[in-house]
Each structure stands twice: as C-alpha cells, then as structure tokens.
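In case you want the letters, here they are:
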Amino acid sequence: MSSYALPLAELALANFIGIISPGPAFLLVSRAAAGRGRAVGFGLSLGVAIAATTWAAAACFGVSIIMARFATLYEAIQIAGGVYLVWIGVSAWRARPHEIDVAGPAGSVGFLRAVASGAALNLGNPKIVIFFTSIFVALLPAHIPLWLTFAAIAVVGLQEAAWYCLVTLLFSRARIQRAYRRAGLWIERTVGTLLIAIGARILGAAV
C-alpha cells in the first residue's frame, strides 16, 4: 500500500492546483454565494464536485481512449461548454438590479437547480476534460488495484467539494454580501463579461 502513496499524493497535489486556479466554476460559485446565499453556493459546489468525480471515474475506466479516437465527441463537449458559459454570461449582463439582491432560503428546488447548473458547467469544461484524460491518467501507475482507482476518484470529489464549499463560506459572509448589494450590478456585468470571454475562447478553439 505504501508504494501507491506517492502517486496518490502527486495526483492530489496536481488536482488541487487545478482546482484553485481561477476559472468558470470559481466565478459561478463565488458570484452565487455572494448574491444568493450559502444554499445556492453549496448546491453549485456539489454539482461541480459531481462532474469532476464523473470525469475522474471516466478517465480511470478508459474513456480517455474513446476521447482520443473520437475527436468530434471532444469538440462537441467543447462547443456545449462554450455555449453554456456564454449563456450564463449574457444572463448576468441582462440581470436587473432587483434580481441580484441577496435572496432568502433557496429551498429544495433552488438547491437542486444549483446542483444541476454546477454539474453542467464542469461536465462541459474543456480544461477539466483535458486534465482528466491526460495528466490524471498519466499520474496513476499503469497497473493499479481497484481500491486505488476508487481512492483516486474519491480524492478528486472530496477536494472539489471542500474547495468550493470554502469559497461559498467566504463569499457568503455578511460583509461580502453587503458589498454585493452596493455594487451587484457591476459585479454581475464584470463576471458576465469574463464568462462570455472564456466561452468565446473555448468556442474559437473548438471551431
């Protein structure tokens, strides 16, 4: 078991570096936590973690080979992810001032919708697809026991969930929410612009 500790630690470190580098998921979770509260932020965090865990499992069980052989599948995922980001960005730009105040309790429907949004965002994120179909697989030994495969997948899910829940806790603080109330419209437009730019860059690379 000790011989597998190093590759597992290297994988955890590489995944953590990828998680903390700012990207669409960070923008979406921090914006939601500041503007709509912890329930929505936690829902998005769970969705992001579910998608990352799904990609990790897919990579461990050979989907990377399929992705390499069927380039059109990867391009379709890129296009879907880019369109989704542009749509979120445009929605942020179109938000009315009264729509971006801090909301009350999200309720079960709002929470589940947030989970679905977070999952959709990360499932279509080319950055995470590239990581799990290349670097992630490369860091694992060629022949590993099944328990190590599941351990690697679990590490990914736990890291993703822990990081974005921490982001939610930080950005849902009362001081951050008060600042969001004062400058919510411009925050929405700034985040919207960044998301549109990221989405457009992904679409440009795909087509």
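About the criteria used
- Residues numbered from 1 in each chain as written.
- Predicted model: local features only at pLDDT ≥ 70, side-chain atom pairs only at ≥ 80, totals over all residues.
- Heavy atoms only, no water.
- Patch = residues over 30% accessible without salt bridge, like charges linked within 9 Å, V, L, I, M, F, W, Y side chains within 5 Å.
- Areas by Shrake-Rupley, 256 points an atom, 1.4 Å probe, with all protein chains shown as cover.
- Salt bridge = Lys/Arg side-chain N within 4 Å of Asp/Glu carboxyl O.
- Helix = DSSP H or I, 4+ residues; strand = E, 2+ residues; numbered from the N terminus.
- Axes fitted to C-alpha atoms, helices over the stretch in contact; angles between N-to-C directions.
- Parallel < 35°, antiparallel > 145°, perpendicular 65-115°, else oblique.
- Left-handed = near helix turned anticlockwise from the far one by under 90°.
- Contact = heavy atoms within 4.5 Å.
- Polar contact = N/O pair within 3.5 Å; in protein donor to acceptor, adjacent residues only side chain to side chain.
- Phe/Tyr/Trp six-rings, centres within 6.5 Å; stacked < 30°, edge-to-face > 60°.
- Buried < 20%, exposed > 50% of the residue type's maximum accessible area, 1.4 Å probe, protein only.

Draft legend 1. Molecular detail of a nonpolar patch on the surface. Residues F61, L146 and F150 make up a contiguous nonpolar surface patch of about 340 Å² in total accessible area. Along the chain, the position of F150 falls in helix α8 (residues 146–171).

Draft legend 2. Broad picture of the packing of helix α1 (residues 5–20) against α8. At a minimum axis distance of 10 Å, the contact between α1 and α8 shows a crossing angle of 30 degrees. Classified by the interaxial angle, the pair formed by α1 and α8 is roughly parallel. Like other packed secondary-structure pairs, α1 and α8 cross with a definite hand, here right-handed. Mapping the contact onto sequence places L8, L11, A12, N15, F16, I19 and I20 in α1 and L148, A151, A152, V155, V156, Q159, E160, W163 and Y164 in α8.

Draft legend 3. Up close: the side chain of Q159. Here Q159 lies in helix α8. Reaching out from Q159, the side chain makes a polar contact with the side chain of N15 at a distance of 2.8 Å. Excluding residues that lie within four positions of it along the chain, Q159 makes contacts with A12, N15, F16 and I19.

Draft legend 4. Main features of the packing of aromatic side chains. Under the criterion given, the structure shown has two aromatic pairs. Look at F16 and W163: their rings are 6.2 Å apart centre to centre, the planes differ by 85 degrees, and that puts the pair in the edge-to-face class. On the criterion of sequence distance, the pair formed by F16 in helix α1 and W163 in helix α8 is long-range, its members being 147 residues apart. Taken together, a centroid distance of 5.9 Å and an interplanar angle of 85 degrees make the contact between F26 and F171 edge-to-face. On the criterion of sequence distance, the pair formed by F26 in helix α2 (residues 24–36) and F171 in helix α8 is long-range, its members being 145 residues apart. According to the relative accessible area criterion, F171 is partly exposed, its value standing at 28%.

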